[in-house]
Amino acid sequence: METVFTEFLLSDDDSDNDCDSESTVIFGAVLQTFLQRESRVRIDNYISDVVAQFTAVEFRRIYRISVDCFQHLCQLLSTCPEMSVRSPQFGGRGRISLEKTVLIALRYLGHQENVRIISNIFDVADSSVIVSRDRFISAILNNLKDRFIRWPSGAAEKNDVVRKFREKRGFPGIVGCIDGTHIHIKPPTEHPQSYVNRKSFHSVILQAVCLQDMRISNCFAGFPGSVHDSRVLRQSDLWDEANMACGQNHILGDGAYPIKTWLMTPYRNTGNLTQIQKRYNAAHSATRSIIERVFAMLKGRFRRLRYIEVQQIKTVNEIIITCCVLHNISILDGDAALDMMDDDEEDNIQQNAVNNLQGPDQQGILKRDQIAANLQ
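Some details on the overall build of the protein chain
(1) Moving on: Of the regular secondary structure elements, the protein chain holds 15 helices and 5 strands.
(2) Moving on: Across the 376 residues of the protein chain, 48% fall into the buried class.
(3) Moving on: Put simply, of all contacts in the protein chain between residues at least 6 apart along the chain, 70% involve residues at least 24 apart.
(4) Moving on: Element-wise, carbon and sulfur atoms account for 48% of the exposed surface of the protein chain, whose accessible area totals about 19400 Å².

See below:
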């Protein structure tokens, strides 16, 4: 190839034709790139020679889930059509194996490494990293999301959640805690300014409800970072479903949310709270803080959530929800990742209280007063 380019550039063609001149410049640039390009350093047999030698601690540190959870995840995905492995056709390369696909996706989600680094590690093309990521995400969202992210079902399960929440600070009737967190993203091509939040970086909002064991029972992602938490809630499915899902119980939310019979918020502190109201707020805050720890754990385990550098918002949202599913699977497999919590998590952007927007919910206010009066 070098000989072809060199002979072309050294030819005696003195034509002044603009097209010929442009071709010379293009071929010259190609040759310059070709001559300067460094050879890529790939790792042969990385999985069999390197990963297989990892200790359980090393595997978890790099792939962000335990070995047992990885094996469980592969088992869960083995029947998913998105992960089927086709035989090579016409002499081409076969599809990447299920285990390798999962490892590539976990490496992508668990770190901020660029695609080129991951492709070198696994000795695949850059495009294969994206294909593996997308296959993995599709399999998770199409087959595992509804199984692992779900509301407590049945009286026994709900009562167990309520009891365990109440054991923390005596707050009755809790079936979850809600909040929103900002996921830093690359500025999108369409309406980038709408994604700038109050801390002046581009983001989308992840709204989540968590249980007492830090699993996520409901999540919704994708609204631009400039949107208020209360509006995100109203546009999510939770707004229409929560009343029936909670029944006589409720979830806890901060002052950014409106008070409802199914959503208990704190009393707004204007300097004249009673002791009963202060006691309520203290119990509410101490109990609700679990959702903030969930976000810190989620971003600490899956570091891709610290900054997602992809162009399509749809892909951003799919990455976020996939991480939420993996978060739940890991917890159910006995790995809560308390040691991975992101201590630098500072995206808790304070928003104005909206408890009285569109008129107060009198039944919600009455219910809050009754809970406050009965708290010990």
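More follows now that the structure is in view.
Examining the pattern of salt bridges
(1) Moving on: Summed over the entire model, instances satisfying the criterion amount to 17 salt bridges.
(2) Moving on: For Glu292, the salt bridge identified is with Arg288, shortest N-O distance 2.8 Å.
(3) Moving on: Residue Glu292 is classed as partly exposed on the basis of its relative accessible area of 28%.
(4) Moving on: With relative accessibility at 8%, the residue Arg288 sits in the buried group.
(5) Moving on: Via salt bridges that share partners, Arg60, Arg301, Asp335 and Asp339 belong to a single interconnected network.

What to know about the pairing of strand E1 (residues 174-184)
(1) Moving on: Taken across its 11 residues, E1 has 10 buried, putting it largely inside the fold.
(2) Moving on: By the bridge criterion, 3 bridges tie E1 to strand E4 (residues 250-252) in an arrangement that is parallel. Directly across from Ile174, in E4, lies its bridge partner His250.
(3) Moving on: Bridge count between E1 and strand E2 (residues 203-210): 8 bridges; the pairing is antiparallel. Along E2, the bridge assignment pairs Thr181 with Leu206.

Concerning the packing of aromatic side chains
(1) Moving on: In the structure shown here, the tally under the stated rule is 7 aromatic pairs.
(2) Moving on: A centroid spacing of 5.2 Å and a plane angle of 35° characterise the contact between Phe59 and Tyr63, whose relative ring orientation is tilted. Separated by 4 residues within a single helix, Phe59 and Tyr63 lie in helix H4 (residues 56-63), roughly one turn from each other. Each member of the pair, Phe59 together with Tyr63, is buried.
(3) Moving on: A ring pair is formed by Phe220 and Phe223, whose centres lie 5.8 Å apart and whose planes are at 45°; its orientation type is tilted.
(4) Moving on: Following the ring pairs from residue to residue traces out a cluster consisting of Phe59, Tyr63 and Phe70.
(5) Moving on: Stacked on the ring of Tyr267, the Lys or Arg Arg368 has its end atom at 4.2 Å from the ring centre.

What to know about the environment of Gly247
(1) Moving on: Counting through the fold element by element, Gly247 comes out in the loop between helix H11 (237-246) and E4.
(2) Moving on: A relative accessible area of 38% places Gly247 in the partly exposed class.
(3) Moving on: Each C-alpha atom, one on Gly247 and one on Val175, is 9.9 Å from the other, the two residues being 72 residues apart in sequence.

Description of H11
(1) Moving on: Residues of H11 that are buried include every one of Leu238, Ala242, Ala245 and Cys246, and no others. Each buried residue of H11 sits inside an arc of 80° when the element is viewed along its axis, so together they form one side. Opposite the packed face of H11, turned more than 90 degrees from it, sit the exposed residues Asp240 and Met244.
(2) Moving on: Of the surrounding elements, those touching the buried residues of H11 are helix H9 (154-169), E1, E2, strand E3 (216-224), helix H10 (229-235) and E4.
(3) Moving on: Just downstream of H11 lies Gly247, where phi reads positive at about 65°.

Quick look at the sheet that holds E4
(1) Moving on: Strand order in this open sheet of 5 strands is E3-E2-E1-E4-E5, and the pairing throughout is mixed. Edge positions in the sheet fall to E3 and strand E5 (263-264), since each of these pairs with one other strand and no more.
(2) Moving on: Each of E1 and E2 touches H9; the most contacted strand, E1, lies at about 75° to it.
(3) Moving on: Contacting E1, E2 and E3, helix H14 (residues 313-332) crosses the sheet at an angle of about 165° to E3.

As for the nonpolar core
(1) Moving on: Counting 85 residues, the largest nonpolar core has Leu73, Leu77, Val102 and Phe136 as the members making the most contacts within it.
(2) Moving on: Element by element, the count of residues in this core is highest for H14, at 11 residues.
(3) Moving on: Once you skip the residues sitting within four places of it in the chain, Leu73 turns out to touch Ile65, Val102, Phe136, Ile140, Leu144, Leu326 and Ile329.
(4) Moving on: Grouped together as the second largest cluster of nonpolar side chains are 14 residues, Trp151, Ala242, Ala245 and Leu263 included.

The rules behind the values
- Residues numbered from 1 in each chain as written.
- Predicted model: local features only at pLDDT ≥ 70, side-chain atom pairs only at ≥ 80, totals over all residues.
- Heavy atoms only, no water.
- Helix = DSSP H or I, 4+ residues; strand = E, 2+ residues; numbered from the N terminus.
- Buried < 20%, exposed > 50% of the residue type's maximum accessible area, 1.4 Å probe, protein only.
- Contact = heavy atoms within 4.5 Å.
- Areas by Shrake-Rupley, 256 points an atom, 1.4 Å probe, with all protein chains shown as cover.
- Salt bridge = Lys/Arg side-chain N within 4 Å of Asp/Glu carboxyl O.
- Pairing = 2+ DSSP bridges.
- Phe/Tyr/Trp six-rings, centres within 6.5 Å; stacked < 30°, edge-to-face > 60°.
- Lys NZ or Arg CZ within 6 Å of the ring centre and 35° of its normal.
- Arc of directions from axis to C-beta.
- Axes fitted to C-alpha atoms, helices over the stretch in contact; angles between N-to-C directions.
- Core = buried A, V, L, I, M, F, W, Y, C linked by side-chain atoms within 4.5 Å.

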